[in-house]
Amino acid sequence: MDYHEKKKEEGKKERKEEFPEEEVDKECPACKTINDLNAKFCQEWGYKFFEEEIKTEAKKETPLVQEKKKEKGEEKKEEVKEKKKSFFSPAQIESIRKSEEEMKDKEETIKVNTLEVRETIKVNTLEVRETIKVNTLEVRETIKVKAVEVREVQKAVYVVDCGNYRIQKFTPEGEFITKWGRKGSGDGEFYIPFGIAIDSQGNVYVVDRGNYDIQKFTPEGEFITKWGREGSGDGEFYIPFGIAIDSQGNVYVVDCGNYRIQKFTPEGEFITKWGGRQGSGNGEFEAPRGIAIDSRDHVYVTDYYNYRIQKFTSDGEFITKWGGRQGSGNGEFFSHPGKIAIDSQGNVYVVDRGNYDIQKFTSEGEFITKWGKEGSGDGEFNMSEGIAILIV
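Report on the accompanying structure.

About the cut-offs
Residues numbered from 1 in each chain as written. Predicted model: local features only at pLDDT ≥ 70, side-chain atom pairs only at ≥ 80, totals over all residues. Heavy atoms only, no water. Helix = DSSP H or I, 4+ residues; strand = E, 2+ residues; numbered from the N terminus. Buried < 20%, exposed > 50% of the residue type's maximum accessible area, 1.4 Å probe, protein only. Contact = heavy atoms within 4.5 Å. Pairing = 2+ DSSP bridges. Axes fitted to C-alpha atoms, helices over the stretch in contact; angles between N-to-C directions. Phe/Tyr/Trp six-rings, centres within 6.5 Å; stacked < 30°, edge-to-face > 60°. Lys NZ or Arg CZ within 6 Å of the ring centre and 35° of its normal. Patch = residues over 30% accessible without salt bridge, like charges linked within 9 Å, V, L, I, M, F, W, Y side chains within 5 Å. Areas by Shrake-Rupley, 256 points an atom, 1.4 Å probe, with all protein chains shown as cover. Salt bridge = Lys/Arg side-chain N within 4 Å of Asp/Glu carboxyl O. Lys, Arg positive; Asp, Glu negative; His and termini not counted. Charge placed at Lys NZ, Arg CZ, Asp CG, Glu CD. Core = buried A, V, L, I, M, F, W, Y, C linked by side-chain atoms within 4.5 Å.

### Regarding the overall build of the protein
Stage number 1. Within the protein one finds four helices and 21 strands.
Stage number 2. The 392 residues of the protein split such that 35% are buried.

Written as structure tokens, this is what we have:
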């Protein structure tokens, strides 16, 4: 036995003497190696394991084992990195690096753009508010100006001077302004001028019963256009009487001899017609005469020989009627209802020549009041004809 083996045996003997109950040459439960001295005391780690702790401690990992595993894990990560490096070529690695930088740049750009968008939205919101404010003021000013223009238009008074074949224009105080017309059938000439109406622009429309046409003039009397002739076709007339204009500027003409109403554009183009049949049914007429239009463009027509008023839509659909009975009571007409007018509340005023009075109704035909009687005193009438209401 050489020196080293001898020393080893002596060491075992000494350890056995020191720990007589311990077994030697057993596997260490901590490091899993065969210990030359004692199975429960490992010289390499410096730990002593007692029998009651063998099972518990055997299941646990020593700090050294954990450290080794951690080192192995780090080595594994490095190995993975190396593998990744070896998997991609230098050019690909550079491309990946650039892509990462571009992604960062895009993130910054998105961030900046988001802030810019927020600022833009904020600015645009303020601009929209200012624009709405400005436009509201402009609309108010426009409405104000238009209202003034309408008032100026309504200050003029136009009179059909039938026997002199002309139209005369006056101020509300009766001061003469101008006149136009003469006997004839040419432009601006009249044979039996009868009905008259003014649109929102101040243009003047005149019904000429003798020439079977409608003529349109400027507020100063300059001829603009005309349409119509004798007949029963669209745009033709047989004894035209009343005329009215709706909120869109469309022109409605009472075509008495053809028992109908015709509707035209402001330029005289035919749009539609209704009636056309002599009778007493809804939408039928016995010599229609007067016509008026309310703020909702409902059309009211005096049905002369049927002693009644008929109400229609702007397209000629029948809505309602009232009267229809000859007499002198409320809502009755003794002679024949002639001219008609509507106020800003939609109330209807009708002239009754035979009863020498004016009757007032709601827009649905309910009687409100009446006034007048035969005579020459204040508030008395003799063959009353026209009626008009100033709407400001």
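Back to the write-up after that little detour.
### Brief notes about the side chain of N250
Stage number 1. Inspection of the secondary structure puts N250 in the loop between β10 (240-245) and β11 (251-255).
Stage number 2. Overall, N250 belongs to the buried group, its relative accessible area being 13%.
Stage number 3. For N250, the residues in contact, after removing those within four places along its chain, are A244, I245, K263, F264, T265, P266 and I271.

### Let's talk about the sheet that holds strand β3 (residues 157-161)
Stage number 1. Spatially, three strands are ordered β3-β4-β5 in an open sheet, and the strand pairing comes out antiparallel. Across the chains shown, the open sheet's two edge strands, defined by having one partner strand only, are β3 and β5 (176-180). Neighbour-to-neighbour, the strand axes of the sheet open up by a mean angle of 20°, direction not taken into account.
Stage number 2. Where strand β4 (residues 166-170) and β5 come together, four bridges link them in antiparallel fashion. Its bridge partner being in β5, I167 is matched across the sheet by W180.

### Thoughts on the packing of aromatic side chains
Stage number 1. A full pass over the atoms with the stated rule returns 19 aromatic pairs.
Stage number 2. A centroid spacing of 6.4 Å and a plane angle of 70° characterise the contact between Y349 and W371, whose relative ring orientation is edge-to-face. Of the two residues, Y349 sits in strand β19 (residues 348-352) while W371 sits in strand β21 (residues 367-371), which places them 22 residues apart along the sequence.
Stage number 3. Cluster of aromatic residues (ring-pair linked, three or more members): Y158, W180, F190, F217 and F223.
Stage number 4. The lysine or arginine in question, R209, covers the ring of F194, its NZ or CZ lying 5.0 Å from the ring centre.

### Some thoughts on the sheet that holds β11
Stage number 1. Across the sheet, which stays open at both edges, the four strands sit in the order β10-β11-β12-β13 with antiparallel pairing between neighbours. Strands with a single pairing partner mark the edges of an open sheet, and in this sheet they are β10 and β13 (270-275). This sheet shows a mean twist of 20° between the axes of neighbouring strands, independent of strand direction.
Stage number 2. As judged from the four bridges shared by β10 and β11, these two strands associate in the antiparallel manner. The residue of β11 that forms the bridge with P240 is D255.

### Describing a negative patch on the surface
Stage number 1. The grouping of E102, D105, E107 and E108 at the surface amounts to a negative patch.
Stage number 2. Looking at E108, the relative accessible area reads 48%, which means it is partly exposed.

### Observations regarding the pairing of strand β7 (residues 204-208)
Stage number 1. Among the five residues that make up β7, five are buried, leaving the element largely enclosed by the rest of the structure.
Stage number 2. Neither face of β7 is left uncovered, since the one carrying V204, V206 and D208 and the one carrying Y205 and V207 both have all their residues buried.
Stage number 3. With four bridges joining them, strand β6 (residues 193-198) and β7 adopt antiparallel strand pairing. Counterpart to A197 in the pairing with β7 is Y205.
Stage number 4. Summarising the sheet, β7 and strand β8 (residues 213-217) pair through five bridges and their orientation is antiparallel. Paired with V207 across the two strands is I214, which belongs to β8.
Stage number 5. Connecting β7 to the antiparallel partner β8 that follows it, the hairpin turn spans four residues, and Y212 within it adopts a positive phi of roughly 55°.

### Regarding the pairing of β13
Stage number 1. Taken together, the five bridges between strand β12 (residues 260-264) and β13 define a ladder with antiparallel strand orientation. What sits directly across from Q262, in β13, is K273.

### Concerning the pattern of salt bridges
Stage number 1. According to the stated counting rule, one finds 12 salt bridges in the structure shown.
Stage number 2. Note that D303 and R308 form a salt bridge whose closest N and O atoms lie 2.8 Å from each other.

### Brief notes about the nonpolar core
Stage number 1. Of all hydrophobic cores here, the largest spans 15 residues; its most connected members are Y252, I261, W274, I291, V299 and V301.
Stage number 2. Only β10, β11, β14 (288-293) and β15 (299-303) provide two or more residues apiece to this core.
Stage number 3. The residues touching V299, leaving out its near neighbours within four places in the chain, are Y252, W274, I291, A292, I293, Q310, K311, F312, T313 and S314.

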